[in-house]
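Close look at the chain arrangement
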Amino acid sequence: MTGTLRFASGDELCNWLRDKPRPWAQAITSRVALRVLPAISQIIDAKYNGKTAPERRIVAVARANLVSAVALVQQTHETIAAAHDAADDADAAAIGPSAHDDANAYATAYFAVHAAYAAAYAADASYAADIADTADMAAASAANAADDTNSIWRSVSHDAAWLEATYDAPVPERGVLLLRQPLWEDGVPKPLRVAWSQFANSSFAVEHGFQPWIQWYEALTSLHDGYPPRQEFSDALALRIAIQPDEWWKRPAKEVNADIAQWLREETASGDRSDPRYDLVQALNALPPQQPAPYAFDWRDGRMEVLPPDALPEDGGIAQDYLDETREKADDLLEALALSNTDPTIARKVGRLREVLTDRAADLRPALVDSRSISVERLAKALDNPQDAAEIPTHVLADLGGLADTARRLCNCLPALWRRDAERLASSLTPDSASALLRHLDALRDRIKDTDIIGPDVQAAFDTLSEDSAEPDDDDVRRRRIAMFGLTARNLLTTLLRASKGAADKLIDYARNARKEFYPELVKLPAKLIIDAGVKAAAPYLFVALLEVVSGIATVFPEIEGVVRILEALKAGKDTPPTPPPSTEPPVSPRTPRPTAERGPTRPA
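The present account deals with the structure reproduced in this document. (Residues numbered from 1 in each chain as written. Predicted model: local features only at pLDDT ≥ 70, side-chain atom pairs only at ≥ 80, totals over all residues. Heavy atoms only, no water.)

1. A closer look at the overall build of the protein
- The helix and strand tally for the protein stands at 30 helices and two strands.
- Taking all 605 residues of the protein together, the buried fraction comes to 53%.
- In the protein, the proportion of contacts linking residues at least 24 apart, taken out of those at least 6 apart, comes to 75%. (Helix = DSSP H or I, 4+ residues; strand = E, 2+ residues; numbered from the N terminus. Buried < 20%, exposed > 50% of the residue type's maximum accessible area, 1.4 Å probe, protein only. Contact = heavy atoms within 4.5 Å.)

2. Remarks on the packing of aromatic side chains
- Applying the stated criterion across every chain yields a total of 16 aromatic pairs.
- Here Trp213 and Trp216 contribute two aromatic rings whose centre-to-centre distance is 5.4 Å and whose plane-to-plane angle is 85 degrees, an arrangement assigned as edge-to-face. With a gap of three residues between them, Trp213 and Trp216 both fall in helix α12 (residues 211-221), about one helical turn apart.
- Judged by relative accessible area, Trp213 falls into the buried class, the value being 3%.
- When the ring of Trp216 is compared with that of Tyr217, the centres are 6.5 Å apart and the planes differ by 55 degrees; the resulting orientation is tilted. Tyr217 matches Trp216 in its accessibility class, with the two residues each being buried. (Phe/Tyr/Trp six-rings, centres within 6.5 Å; stacked < 30°, edge-to-face > 60°.)

3. So, empty space enclosed by the protein
- Per the stated rule, a full pass over the model turns up four cavities of 30 Å³ or more.
- By volume, the largest cavity is sized at about 230 Å³.
- In terms of lining, the largest cavity is formed by 19 residues, of which the most central are Ala69, Leu179, Arg180, Leu220 and Gln231.
- Top contributing element to the lining of the largest cavity by residue count: helix α4 (residues 54-73), with five residues.
- The class makeup of the residues in the lining of the largest cavity is eleven nonpolar, five polar and three charged.
- If you add up the space inside the second largest cavity, you get close to 60 Å³.
- Lining the second largest cavity are Leu37, Ile40, Ile58, Ala62, Trp196, Phe199, Phe210, Trp213, Trp216 and Tyr217.
- Taken together, the elements giving at least two residues each to the lining of the second largest cavity come down to α4, α10 (190-200) and α12.
- Element by element, the count of residues in the lining of the second largest cavity is highest for α12, at three residues.
- Of the residues assigned to the lining of the second largest cavity, the class counts are ten nonpolar, no polar and no charged. (1 Å grid on protein atoms, 1.4 Å probe; cavity = no way out; pocket = protein on both sides within 12 Å on 5 of 7 lines; lining within 4 Å. Points joined across faces, edges and corners; volume = space filled by probe spheres on them. Nonpolar A, V, L, I, M, F, W, Y, C, P; charged D, E, K, R; others polar.)

4. Side note on unusual backbone geometry
- Even without a glycine there, the phi angle at Asp301 is positive, about 55 degrees.
- One can find Asp301 in the loop between β1 (297-300) and β2 (303-306).
- We classify Asp301 as exposed; its relative accessible area is 81%.

5. Digging into the pattern of salt bridges
- For the structure shown, the criterion picks out 21 salt bridges.
- With its nearest N and O atoms 3.6 Å apart, the salt bridge here joins Arg180 to Asp235. On the criterion of sequence distance, the pair formed by Arg180 in the loop between α9 (174-178) and α10 and Asp235 in helix α13 (residues 235-242) is long-range, its members being 55 residues apart.
- Taking relative accessible area as the criterion, Arg180 reaches 32% and is therefore assigned partly exposed.
- We note a salt bridge from Glu355 to Arg372, for which the minimum N-O separation is 3.4 Å. Note that Glu355 is positioned in helix α18 (residues 344-355) and Arg372 in helix α19 (residues 366-382), a separation of 17 residues in sequence.
- Among the charged side chains, a network of salt bridges with common partners joins Arg56, Arg63, Asp89, Asp246 and Lys250. (Salt bridge = Lys/Arg side-chain N within 4 Å of Asp/Glu carboxyl O.)

6. Some thoughts on the pairing of β2
- Alignment of β1 against β2, held across four bridges, turns out to be antiparallel. The residue of β2 that forms the bridge with Arg300 is Arg303.
- Taken together, β1 and the strand that follows it, β2, pair antiparallel across an intervening segment of two residues, in which Asp301 is found at a positive phi of about 55 degrees. (Pairing = 2+ DSSP bridges.)

7. Focus on the nonpolar core
- Counting 77 residues, the largest nonpolar core has Trp16, Phe199, Phe210, Trp213, Trp216, Phe233 and Ile241 as the members making the most contacts within it.
- If you tally residues by element for this core, the top one is α4, at twelve residues.
- Leaving out residues up to four positions away in the same chain, Ile241 has contacts with Leu66, Trp213, Phe233, Trp248, Trp249, Ile260 and Trp263. (Core = buried A, V, L, I, M, F, W, Y, C linked by side-chain atoms within 4.5 Å.)

8. Describing the environment of Gly401
- Within the fold, Gly401 resides in helix α21 (residues 394-413).
- With 20 residues separating them in the primary sequence, Gly401 and Lys381 have C-alpha atoms 8.2 Å apart.

9. Quick word on the packing of α18 against α21
- α21 packs onto α18 with a crossing angle of 25 degrees between their chain directions and a minimal axis gap of 12 Å. By the angle class used here, α18 and α21 are roughly parallel. For α18 against α21, the interelement crossing comes out left-handed. Facing α18, whose interface residues are Ile346, Val350 and Leu353, α21 presents Leu400, Leu403 and Ala407.
- Grouping the amino acids of the contact of α18 with α21 by side-chain chemistry returns six nonpolar, no polar and no charged. (Axes fitted to C-alpha atoms, helices over the stretch in contact; angles between N-to-C directions. Parallel < 35°, antiparallel > 145°, perpendicular 65-115°, else oblique. Left-handed = near helix turned anticlockwise from the far one by under 90°.)

10. Details of the environment of Ser155
- Position of Ser155 among the secondary structure elements: in helix α8 (residues 149-165).
- C-alpha of Ser155 to C-alpha of Arg6: the two residues are 149 residues apart in sequence and 9.6 Å apart in space.

Now the structure itself:
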């Protein structure tokens with residue numbers, strides 16, 4: 001890549017673009033606007049003149065960003081007309097602030113909107129003569145929105161250098177290829193990452209249904225997974241969205257976003273998605289931790305072992321102990337956050353959890369504690385990456401993780417949660433489906449026998465559960481025992497998959513190679529596995545070896561079923577999973593607590 005281009009002003013960029021193909025300027029303009037799209041978080045707080053609601057302004061910005069790229073990749077009369085309308089919509093969204101507005105919030109929001117307007121304007125072929133000036137306008141607006149002139153001009157210079165140096169396409173077609181390149185050469189600047197986090201994790205985004213746009217942008221920018229940019233919307237879906245008429249776009253934001261979400265679900269179900277690695281990583285990242293059950297597991301010295309009985313609390317007395325500990329950890333963390341320069345989202349979510357932690361366990365509202373604990377858990381998970389670890393004090397991240405773990409253990413103590421969730425799986429089983437599930441569970445027990453990475457205590461636990469489930473009794477008791485067996489199996493499979501989170505490629509390779517019989521011992525479901533390569537190699541190997549059995553168990557655990565469907569498709573020689581059955585309410589919550597009052601399986605001695 002050539003490094004000779006270094007723009008520091010709009011005039012320099014304009015002069016360079018004068019004799020370049022028009023798609024180059026379009027691509028640069030589109031990418032500049034995308035870089036500062038996170039600044040839309042300021043629109044929520046900025047108070048505008050006029051009647052346009054904040055969510056409608058954000059839709060206008062998202063529309064302009066999407067349409068500018070679509071009009072470059074698929075240039076037709078329809079997309080050019082769509083770009084014209086999108087530019088008008090974004091222009092209207094930039095109407096000035098009210099007299100009492102926060103000037104900084106408004107300025108940031110305004111420049112982000114104006115960059116989006118410039119991107120859509122550049123995509124409108126009727127303004128071809130202005131294209132270089134429009135790119136300059138977009139870059140200047142982006143520099144102001146990002147409050148970081150150097151990073152914006154450095155990125156624009158890098159784009160220009162890439163266009164000059166690449167030989168992967170004829171000169172006029174390089175603009176389209178540029179859209180597929182990473183937006184930031186050195187990673188997303190911290191202020192923009194923080195701004196995006198504030199928007200993506202806000203109740204505002206949830207309330208107005210912005211999730212499909214969040215998925216779209218995070219795939220384009222690789223904000224979390226570190227993989228190359230990916231198109232969350234296929235070309236066909238992007239075109240479908242882009243060319244919708246003004247009347248459709250100017251409906252309430254929630255209705256627009258609901259349509260897009262539905263179209264995205266339809267596309268996913270149809271098998272049109274073609275990136276199994278990304279989908280698998282997403283499915284693995286969505287896995288919840290182990291849930292309360294008769295047994296839970298962990299890795300010790302390269303082998304899965306049973307956690308000790310006290311790892312999962314059971315009674316009210318322990319609930320009070322965990323409540324006291326959770327309150328103390330939350331207070332300490334809030335005090336530390338007040339003294340540090342960290343994203344305010346952390347303090348807000350920890351504070352919301354602390355608000356519902358009463359003095360006495362008997363006074364807790366379990367659903368609220370559970371809901372806010374989930375928010376803290378997801379936040380701790382989102383910050384568990386090298387980039388945030390380098391910028392957030394180590395003790396803050398450690399304390400946040402400790403708070404999330406203790407809060408979850410508190411939730412596991414609350415009878416209102418475990419009684420509700422534990423019964424859901426049992427009650428969802430018919431006599432026939434319970435028998436079918438038991439057959440699969442017994443098959444899993446047989447397949448893990450003498451497997452080197454599964455410890456003897458785990459195998460003994462499965463023997464105990466299998467024996468208890470086979471005991472003759474009335475249907476209700478029998479279904480409950482099978483449900484407990486199933487919940488324990490879910491914990492084992494979750495433990496295998498969570499160990500495979502950093503080894504998605506191995507899961508894919510093993511699934512494909514099992515189909516091709518490159519590993520005949522894998523197809524035969526071996527009794528032993530060599531663990532010298534470590535858990536990250538052996539865990540995905542074993543999971544794929546168990547896939548046929550796991551498929552029958554996963555039907556009652558949707559969080560695992562998503563992974564299974566992707567691997568089954570790969571094993572069958574396809575890159576996309578088959579169409580899923582019609583959606584139904586999951587038979588069990590992903591947070592099913594451990595039963596204590598009922599008679600059930602016992603732990604091995």
